[in-house]
Every structure is written in structure tokens, then in C-alpha cells.
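# Structure at a glance
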Amino acid sequence: MSKEEIKEYIENFAKGAKLVQEAGGDGVEIHAVHEGYLLDQFAISFFNRRTDEYGGSLDNRLRIIKEIVEAIKAACGEDFPVSMRYSVKSYVKDFNRGALPGETFEEKGRDYEESFIVAKKLEEFGYDMLNCDNGSYDSWFWAHPPMYMPKACNLEDVMKVKEVVSIPVACAGRFDDPALADQVIAEGKIDVMGMGRPLLADPYAPNKFAEGRLDDVRPCIYCHQGCLGRIFQFKDISCAVNPACGREKSYALTPAETKKKVLVVGGGIGGMEAARVAAIRGHAVDLFEKTDQLGGVFVAAATPVFKEDDRQLLAWYKKQMKDLEINVQLNSEITEAQTKGYDEIFVATGANERRLATPGFEDEHVTYAIEALRYKEIAGENVVVVGGGLTGCEIAYDLAKKGKKVTIVEASETILNAFGLSAANYNMMMELLDYYQVTVLKNSVVDKFTDGTAYVTETVKNYPNVANRAQHMFALGVQGMPKAHEIPADDIIVSVGYTPDDALYQAIQAENVHLIGDAKKPTNVMDAIWAAYEAAMNV
């Protein structure tokens, strides 16, 4: 940036703050010495290689940040509050490489020593509050923590900042526990609990906190599908578990003009959402589930220890079924004949796991994902996970963290091919697989499994020697060179997707029948909830 551009930016910050003040705003927050944004790039020597008065020493690197608050105060008055969004620590190992919680690494960004100096200087410059988290675009899973991060992951670092400044300090980052917030605020360790995504999931969460109605809070599951995932698809921000987020008027649930008798077949997430919305609109709802519990495949998905918010979402849905007096019948499989007499029918019969005919996969040591997650303890030391989608990678991570030696075998060229998967989730999972030494074989298939060995063929397409690679491609065509692996496998877990179970829908096809969830197309929790909401809000 030229110095002229820097001055222009400073003036624009001041003009923007003045417009906020004239519009009746109580203050502004500067975004930010945080997350690797422009001002963070000025502040951190790893990024700032300038040799003029805006680079070099720490005071020089903070100069633009000081001049911004001075310009705002000059335009708006000294009593106009200016907060700064501030990353305490960068957790950057290198460009596009973030450090995991507890990992030993060399900090390339802002470390504790410099951070406390910067925090004190921000107060000296005139900033009235520090709204703190951690991370950078290179360690995005700190600034936008997915479900793999610990709860309140930034709290310990933010409390350290509170010790060196006298202005109010807020803490954000998967911080959704009001009891913990009450405790640390009462102890003077922070001043404000910060929440972002949980307020997309349930904008009434603060009122429910105050009223002690914690079980009524619809939880954020930290999937990023409806918020960051949509932003990077150039769509409006919303929420996976709250389809009305960002479009509250057009998606408002209004009383139905005609009260109907509604049947929901299947008690997974999609089925429960359809039942919930229909009941809110005033319909009489019967929900039949063929197993002994609600939740469908989401029960298995919520099993890993890091999926506590998924389990909370299941609990929330079950409470909604009770509170809305929905007639839930478990252990009840519905036939076509039993669907007669209903005004509207939602078929949410889910999906079946895709099975492989690989020789040896009938062995007792071969388990499919749902069984592995819900019922079976994987006792073996060496585990092969067939399928490198999101579920397969999460299973691999969970087992590797428990000390297993895990190999992922994926048929395609990349793993984690889940549409809408946020970069924060993707990057952290990739770092976790690397940290726990999970071997990943792409362009690979298991040919057979016998006597505790998985025989794998990998199609090698990339070679270090360009000339040799060209020769190999000419000889082998686009398939590349096959490479054989014999991998010790005490257990094999297969996670290769699902096929829709739409048999009931096909049997009773009629205008008043709605096929939703995985029964229509196996996908993710956001699609299941949104499709169910949209269908039920219109009946």
C-alpha cells in the first residue's frame, strides 16, 4: 500500500464511524488486529516487510492502528466508544498452516510476549474495549472454531490479556456456556461473553439464558454450513439448524388457515423438523419411527466425543416433540395401508449404508460406519478406513487420537469432498490427520481383505521426474501406474455413503406426499433441516 492509500483508509474509518454516530449508534468496533486482516498484517512482522514508518519496529507496525482511533476520536469525540477486535495469539506455524491446541510449534505470528505489549498499547492509543479471540487466516480454526476445537477455546489466552489492561475485555470463540461466563466474569477474568454463530442458531438464546431455560436453546453445532459455507458460495449468511436465519419475515411460521392431520414417517432430524414446523402451524401431527429412538443416522453421527453439540441438538428436538405434543410412536414401521386418512404425509425414511462386494468384507472384522460409531468397540491396533469423506475422516481422527494406527483408503483424488464444508473445518481436520499420523492413500481401492491384511491398489499419477511421468502416462494412459500395498488391518471400517430408502414414497405416490431428507437424497444436516422446514411451512 502506498502512504496515500494508508491515509485514505484512515480517513474512511473515521468517516464510517461518524456516519454510525449520526445514525444513532453508540459506538464502533474496528475490524481488526485479528484473523490476519489488513491491520493484523500491518501489526505482525511475519507479514509486514515494509521499510518506511509503517514497518520495522513494533511502534511503526502499529502506527496505522493508532492513527485510526485518533481520527475517529477527532471526528466523533473522546466519549464515543471504539472497540478493537483483537487476536491474542496467531497460532501460525507457517503460511496456511495453523497450530492445533496443545501442539508444540514455533509461532510465526503474534506470540504472548508481543501480544501483551500490543494490548497495552491499544489501550494507550485510546481504544475503549478489546473484543478478543485467537488465530489468523493461516490458522482459521481458532478464529472460527469448528466442533473439533475445545469449548471456549480462546478463554485462557483472553484472560491473560485482561491481566495487562484496565479497559473491558470480551472473549469469543465457541463460548456458549452461560454458567462458565458468569463464573469468569464474577472473578474479574473477563468482562463480556461474546457469541456469534450461536445467535444465528437461536437469536433468543440470551433471553433463555436469563430465564434459566437452557434446554430450550437451539444449539449451534459449529458445522459452518449455513454461515461461512454459504458466504464462500456467494450466498446470504444463514444457519444450518435455523432455516429462518436472515429471512425471518419470509420464513415466519404463521398459523395454518386449515388445520390438517399430518403423518410423518421417520424420526430422523428431517422428520422431526417437519413435525415441529407442522405442529407450530397448528396441525395435528403423528410421527412414526421404526426403531426404538428418535434421531436416525444422526444418532451415529453424534457419537464421537467432539460432537457434544450434535447430541444437544438431538436432545433439543426430542424436547420439541414433547413440548408441541406431537404424537410420537417408536418401534412402529408404517405400511402403505396405514397412511390412509391423512391430509399431508412426510416420508423421511432415511437411507441405507452403501455396501461393498469386496472379497473378504463379509469378515467379522469389517464394520460399516453406523455400527462402528454406535455399537462396536474397535479393539484392533491397526485400522483401515475405507472412504475419505467427512464421516470416514472423522472416524479415522477419533481412532488415531485413541492411539490406533489408521490408514484411510479413498478412491478419488482428494479426501473431504463434502459440499459446503468450510475451510476452517477442512483445514483443522487435515491438520488433525497429519498430527495424529493418519496415513492417507488416495486414488486407491481395497481389492481384498484376508488374514488381517488389506490388499490395496493405489493409482500413482504424480511423479517427481517430469520426463519419467510423461513416459509413464504415455505407456499407461490417464490411469497412471498401479502401486500395490499390503496393509495390516485388525479392523476395517467402511464409510462409502448412503442410498435413499424411498420405497414407501414410491408405493404411495400422491400429491399430498412429500419426500424429504436422506430418503430423497443423502446429504448433510443443513439440507435435511432446510428441506423439511420449507416443505412443512407450506402445508
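Because the structure is predicted, anything quoted here is derived from the model rather than measured.

The next thing to look at is the pairing of strand β5 (residues 129-133). In terms of residue burial, β5 counts as a mostly covered element, since 4 of its 5 residues are buried. In the sheet, strand β2 (residues 82-87) pairs with β5 via 5 bridges, with the strands oriented parallel. What sits directly across from S83, in β5, is M129.

With respect to topology, 3 strands assemble into an open sheet ordered β17-β18-β19, the strand pairing being antiparallel. For this open sheet the edge positions go to β17 (444-450) and β19 (481-488), each flanked by a neighbour on one side alone. Pairwise comparison of adjacent strand axes, ignoring direction, gives a mean angle of 20° for this sheet.

Before going further, it helps to examine the nonpolar core. Residues Y148, I269, M272, V285, L287, F346 and L433 are the most contacted members of the largest nonpolar core, which totals 78 residues. In this view, Y148 contacts F306, L390, E394, Y397, N425, M428, M429 and L432; residues no more than four positions away in its chain are not counted. In terms of nonpolar packing, the next biggest core, distinct from the first, is built from 43 residues, I6, F80, L155 and V169 among them.

Pairing is parallel across the open sheet formed by 5 strands, whose spatial order is β13-β20-β14-β15-β16. A strand with exactly one partner marks an edge of an open sheet, and here the two such strands are β13 (366-368) and β16 (439-441). Neighbour-to-neighbour, the strand axes of this sheet turn through a mean angle of 20°, independent of strand direction. Sheet analysis places strand β14 (residues 382-386) next to strand β20 (residues 491-494), joined by 4 bridges and oriented parallel. Along β20, the bridge assignment pairs V386 with V494. Sheet contacts for helix α16 (residues 390-401): β14, β15 (405-409) and β20; angle to β15, the most-contacted strand, approximately 170°.

Because an α-helix packs 3.6 residues into every turn, residues spaced three or four apart end up facing the same way. In this model helix α4 (residues 63-76) runs 20 Å from its N-terminal to its C-terminal C-alpha over 14 residues, within 8% of the 20 Å that 1.5 Å per residue would give. Where α4 is buried, its residues touch α1 (3-22), β1 (28-33), α2 (38-43), α3 (58-61), β2 and α5 (112-125). G77 lies just past α4 and shows a positive phi near 100°.

Attention now moves to the pairing of strand β11 (residues 344-347). A two-sided burial pattern is seen for β11, the buried positions comprising E344 and F346 on one face and I345 and V347 on the other. Of the strand pairs in this sheet, strand β8 (residues 261-265) and β11 are connected by 4 bridges, and their pairing is parallel. Looking at the pairing, V262 lines up with E344 of β11. Bridge count between β11 and strand β22 (residues 513-515): 3 bridges; the pairing is parallel. Residue pairing for β22: V347 is matched across the bridge by L515.

By the burial criterion, the buried members of helix α8 (residues 178-186) are P178, A181 and V184. Looking down the long axis of α8, one finds its buried residues gathered within 130° of arc, a one-sided arrangement. Exposed and oriented more than 90 degrees from the buried face of α8 are A179, D182 and A186. Looking at the packing, one finds that the buried side of α8 touches α7 (155-162), β7 (192-193) and α10 (205-210). Between the side-chain oxygen at the start of α8 and the backbone nitrogen of A179 there is a gap of 3.0 Å, and the oxygen is on D177. The positive-phi residue at the C-terminal boundary of α8 is G188, with phi of around 75°.

On to the pattern of salt bridges, then. For the structure on display, the rule yields 33 salt bridges. The network of salt bridges with shared partners includes K93, R97, E103, E431 and D434.

Across all of its chains, the model carries 17 aromatic pairs by this definition. When the centroid spacing of 6.4 Å and the interplanar angle of 70° are considered together, the rings of F42 and Y54 count as edge-to-face. With F42 in helix α2 and Y54 in the loop between α2 and α3, the pair connects residues that are 12 residues apart, well separated along the chain. Here F42 and Y54 have matching classes, each one buried. Among the aromatic residues, ring-to-ring pairing joins Y148, F306, Y397, Y435 and Y436 into one connected group. Note that K89 overlies the ring of Y112, its terminal NZ or CZ placed 5.3 Å from the centroid.

Reading the values: rules and limits
Residues numbered from 1 in each chain as written. Predicted model: local features only at pLDDT ≥ 70, side-chain atom pairs only at ≥ 80, totals over all residues. Heavy atoms only, no water. Buried < 20%, exposed > 50% of the residue type's maximum accessible area, 1.4 Å probe, protein only. Helix = DSSP H or I, 4+ residues; strand = E, 2+ residues; numbered from the N terminus. Pairing = 2+ DSSP bridges. Axes fitted to C-alpha atoms, helices over the stretch in contact; angles between N-to-C directions. Core = buried A, V, L, I, M, F, W, Y, C linked by side-chain atoms within 4.5 Å. Contact = heavy atoms within 4.5 Å. Expected span 1.5 Å × (residues − 1). Arc of directions from axis to C-beta. Polar contact = N/O pair within 3.5 Å; in protein donor to acceptor, adjacent residues only side chain to side chain. Salt bridge = Lys/Arg side-chain N within 4 Å of Asp/Glu carboxyl O. Phe/Tyr/Trp six-rings, centres within 6.5 Å; stacked < 30°, edge-to-face > 60°. Lys NZ or Arg CZ within 6 Å of the ring centre and 35° of its normal.

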